[in-house]
Amino acid sequence: MSGQRGAVIWMTGLSGAGKSTLADALHRRLTEQGCASIVLDGDVLRRGLNADLGFSTEDRSENLRRVAHVAALFMQQGFVAIAAVISPEHLHRRTAREIVGNGFVEVFVNAPLQVCEARDVKGLYARARRGEIPLFTGISGVFDVPVAPDVVIDTAHVSVDQAVDRLLDQLMRMERLQ
């Protein structure tokens, strides 16, 4: 597959930070370059593979464990697996890194809470503020800001194209793409 070695791009950040937007844009750019990639979107996986899970602490951990294993399987086949998942706790991201191993790239998709709320087309933040969604990440639920991510993208100040360029540069530095 054009000399590419697999990788896992693990995008973490608040709801509305831009994870899915960046994941889709990176996937398009990789496809244009002839590289095999797949987007593992947290919302989509919750409707299928992880439909049996709720949002308790245990269920969130299991959801992310499954995503990490699926991503690792794609990576082993030479794909760039792009996981767009909130993964709010340090433990979740550490576990994903351990499951995937070499080839894991933690990307903190950073945007201020006010920006995320302004982008919220589903109205989730408003519902969370009214108490309709318990333990909503960033409002009543924890989000541990990544301590040492491999890449930080501030989507309030960086364009989608600039962000994708940074991610491609990271993959090149890791010798995952030619």
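Calculation criteria
- For every chain, the first residue of the written sequence is number 1, and numbering continues from 1 onward in sequence order.
- This being a predicted model, a pLDDT of at least 70 is required before a residue's local features are given, and a value of 80 or more before pairs of side-chain atoms are given or counted; all residues contribute to the totals for chains, interfaces and linings.
- In computing side-chain properties, one takes all heavy atoms of the structure into account and sets aside hydrogens as well as water.
- To define axes, lines are fitted to C-alpha atoms, for helices over the stretch in contact only, and angles between the resulting N-to-C directions are given on a 0 to 180 degree scale.
- We count a stretch as a helix when DSSP gives it H or I for four or more residues in a row; a strand needs E for two or more, and each element gets its number in order from the N terminus.
- The labels follow the angle: roughly parallel below 35 degrees, roughly antiparallel above 145, roughly perpendicular from 65 to 115, and oblique for the rest.
- We call a crossing left-handed when the near helix sits turned anticlockwise from the far one by less than a right angle, and right-handed when that turn is clockwise.
- Residues are treated as being in contact if the distance between any of their heavy atoms lies within 4.5 Å.
- For this classification, Asp, Glu, Lys and Arg are treated as charged, while Ala, Val, Leu, Ile, Met, Phe, Trp, Tyr, Cys and Pro are nonpolar and the rest, including Gly, are polar.
- Just to be clear on terms, a salt bridge is a Lys or Arg side-chain nitrogen sitting within 4 Å of an Asp or Glu carboxyl oxygen.
- Accessible area is worked out with a 1.4 Å probe on protein chains only. A residue is then buried under 20% of its type maximum, exposed over 50%, and partly exposed in between.
- Definition of nonpolar core: a set of buried residues of the types Ala, Val, Leu, Ile, Met, Phe, Trp, Tyr and Cys, connected through side-chain atoms within 4.5 Å.
- The way it works is a 1 Å grid over only the protein atoms, where trapped points that fit a 1.4 Å probe form a cavity and open points with protein on both sides within 12 Å along at least five of seven lines form a pocket, and then any residue with an atom within 4 Å of a point lines it.
- Grid points are joined across faces, edges and corners, and a volume is the space filled by probe spheres set on the points.
- Paired strands are those between which DSSP finds at least two bridges.

**Q** Can you break down the packing of helix H3 (residues 57-76) against helix H4 (residues 90-100) residue by residue, with the values?
**A** Interhelical geometry of H3 versus H4 gives an angle of 30° and a closest axis separation of 9 Å. Relative to H4, the element H3 lies roughly parallel. Viewed along their axes, H3 and H4 form a crossing whose handedness is right-handed. Only His92, Ala96, Ile99 and Val100 of H4 make contact with H3, whose side of the interface consists of Arg60, Ser61, Leu64, Arg65, Ala68, His69, Ala72 and Met75. Considered class by class, the residues forming the contact of H3 with H4 number 7 nonpolar, 3 polar and 2 charged.

**Q** Give a detailed account of the pattern of salt bridges, specifying residues and quantitative values.
**A** Going through the model one piece at a time under the given rule, you end up with 12 salt bridges. The shortest N-O distance in the salt bridge between Arg97 and Asp150 comes to 3.0 Å. A residue pair is termed long-range when its members are at least 10 positions apart, and Arg97 in helix H4 and Asp150 in the loop between helix H6 (124-129) and strand E5 (151-154) qualify at 53 residues. Overall, Arg97 belongs to the partly exposed group, its relative accessible area being 31%.

**Q** Summarise the nonpolar core; cite the residues concerned and give the values.
**A** Soluble globular proteins tend to bury their nonpolar side chains together. Judged by nonpolar contacts, the single largest core of 35 residues is most densely connected at Ile9, Met11, Leu26, Leu30, Ile82, Val107 and Ile153. Elements with a minimum of two residues in this core: strand E1 (7-12), helix H1 (19-32), strand E3 (80-84), strand E4 (104-110), H6, E5 and helix H7 (160-173). With residues near it in sequence (within four places) discarded, Val107 still touches Ile9, Trp10, Met11, Thr12, Val151, Ile153 and Leu167.

**Q** Any chance you could break down the layout of surface pockets for me, citing the residues and the numbers?
**A** Roughly 930 Å³ of volume is contained in the largest pocket. Around the largest pocket, the lining comprises 37 residues; the ones closest to its centre are Ser15, Lys19, Asp43, Ile86 and Lys122. Listed by contribution, the elements that provide at least two residues to the lining of the largest pocket are H1, helix H2 (42-47), H3, helix H5 (113-119) and H6. Per element, the largest residue contribution to the lining of the largest pocket is 4 residues, and it comes from H1.

**Q** Quick one: what's the story with the sheet that holds E1, residue by residue and with numbers?
**A** If you walk across this open sheet you meet the 5 strands as E2-E3-E1-E4-E5, and the pairing is parallel. The strands lining the two open edges of the sheet, one partner per strand, are strand E2 (37-41) and E5. On average, adjacent strands in this sheet sit at an angle of 20° to one another, irrespective of strand direction. Here E2 pairs with E3 via 5 bridges, running parallel. Its bridge partner being in E3, Asp41 is matched across the sheet by Ala84. Of the strands in this sheet, E1 and E4 are in contact with H4, which crosses E4 at around 150°. Lying over the sheet, H7 contacts E1, E3, E4 and E5, oriented at roughly 175° with respect to E5.

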